[in-house]
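Chain and residue survey
Residue-level listing of the chains:
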Amino acid sequence: ISRMLKSQKEYLLHKIRSLSRSNVVYPGLNLFKEGRAITNIYDQVPGVREAGWSVPVNNAREMSSLGQNKELQRALHGFLRQVTAHKEAWPFHEPVPDSVTDYLEVIHDPVDLSLIKKRLSHGTYYKKLDDMLADLRKMCDNCRLYNQKDTQYYKAAELLQKFFEPLGEDIRRQLCR
């Protein structure tokens, strides 16, 4: 049986290599060391054309707006830093601990600042300011839904949202310039 499996494995590997170029290793890119950016992926990245890769239509638009995206990402990082540094952000820095056993029975889509930071660090999750604002609002809404009005958590959510809403509008005006 082991000889038969070995023979089958060799045949499959041979067939894969004849149909694919996945075993070809291309040299690394030097253009980043030279401070240049990729402007034409087909000509500047070896193997892309050979692999049959093409830019999907929606990504073509995204690639043309890379400059705008960098500006947006920079603005969102600054926005999140300011929100996180606010004195009323303390309850939102980390997820609600598992020791609050009924939290997920009440809140079905938990959001906290560490999750927002993680989403932002991916660079593609937040396509516009409103996406991040929606997460921040959901975070505060969740807090107000779970906690009573007279608690420090509820009050922190109220004050933090009063802080980030006008700040978000300031950032929107800056991005529109």
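Our subject in this report is the structure included herewith. (Residues numbered from 1 in each chain as written. Predicted model: local features only at pLDDT ≥ 70, side-chain atom pairs only at ≥ 80, totals over all residues. Heavy atoms only, no water.)

**Here's the deal with the overall build of the protein**
- Helices and strands together make up the secondary structure of the protein, namely eight helices and zero strands.
- Out of the 177 residues in the protein, the part that is buried amounts to 26%.
- Residue pairs in contact within the protein that sit at least 24 positions apart in sequence constitute 57% of those at least 6 positions apart.
- For the protein, the exposed surface amounts to about 12,900 Å²; the carbon and sulfur share of it is 55%. (Helix = DSSP H or I, 4+ residues; strand = E, 2+ residues; numbered from the N terminus. Buried < 20%, exposed > 50% of the residue type's maximum accessible area, 1.4 Å probe, protein only. Contact = heavy atoms within 4.5 Å. Areas by Shrake-Rupley, 256 points an atom, 1.4 Å probe, with all protein chains shown as cover.)

**A word on the pattern of salt bridges**
- Counted according to the given criterion, the structure contains nine salt bridges.
- Linking D130 and R172 is a salt bridge whose minimum nitrogen-to-oxygen distance equals 2.7 Å. With D130 in helix 7 (residues 129–146) and R172 in helix 8 (residues 152–176), the pair connects residues that are 42 residues apart, well separated along the chain.
- Here R172 falls in the partly exposed class, since its relative accessible area comes to 26%.
- Of the charged contacts in the structure, one is a salt bridge between R173 and D170, with a shortest N-O distance of 2.4 Å. Within this pair, R173 and its partner D170 are both found in helix 8, separated by three residues, close to a single helical turn. (Salt bridge = Lys/Arg side-chain N within 4 Å of Asp/Glu carboxyl O.)

**Details of helix 8**
- In a regular helix each residue adds 1.5 Å, so 25 residues correspond to 36 Å; helix 8 covers 36 Å between its end C-alpha atoms and thus fits that length.
- For helix 8, every residue scored as buried is listed here: Y154, A156, A157, L160, Q161, F164, E165, L167, G168 and I171. (Expected span 1.5 Å × (residues − 1).)

**Some details on a nonpolar patch on the surface**
- Taken together, the side chains of Y11, L12, L13 and I16 present a nonpolar region at the surface, about 400 Å² in accessible area.
- Positionally, L12 belongs in helix 1 (residues 2–19). (Patch = residues over 30% accessible without salt bridge, like charges linked within 9 Å, V, L, I, M, F, W, Y side chains within 5 Å.)

**Topic: the packing of aromatic side chains**
- Counted by the stated rule, this structure contains three aromatic pairs.
- Centre to centre, the rings of W90 and Y153 are 5.6 Å apart; their planes meet at 50°, and the pair counts as tilted. Taken together, the residues W90 in the loop between helix 4 (66–85) and helix 5 (103–106) and Y153 in helix 8 connect sequence positions 63 residues apart.
- Owing to a relative accessible area of 41%, W90 belongs among the partly exposed residues under this scheme.
- Ring geometry for Y125 against Y126: centres 5.0 Å apart, planes inclined by 90°, an arrangement best described as edge-to-face.
- Taking relative accessible area as the criterion, Y125 reaches 42% and is therefore assigned partly exposed.
- For Y126, a relative accessible area of 2% corresponds to the buried category. (Phe/Tyr/Trp six-rings, centres within 6.5 Å; stacked < 30°, edge-to-face > 60°.)

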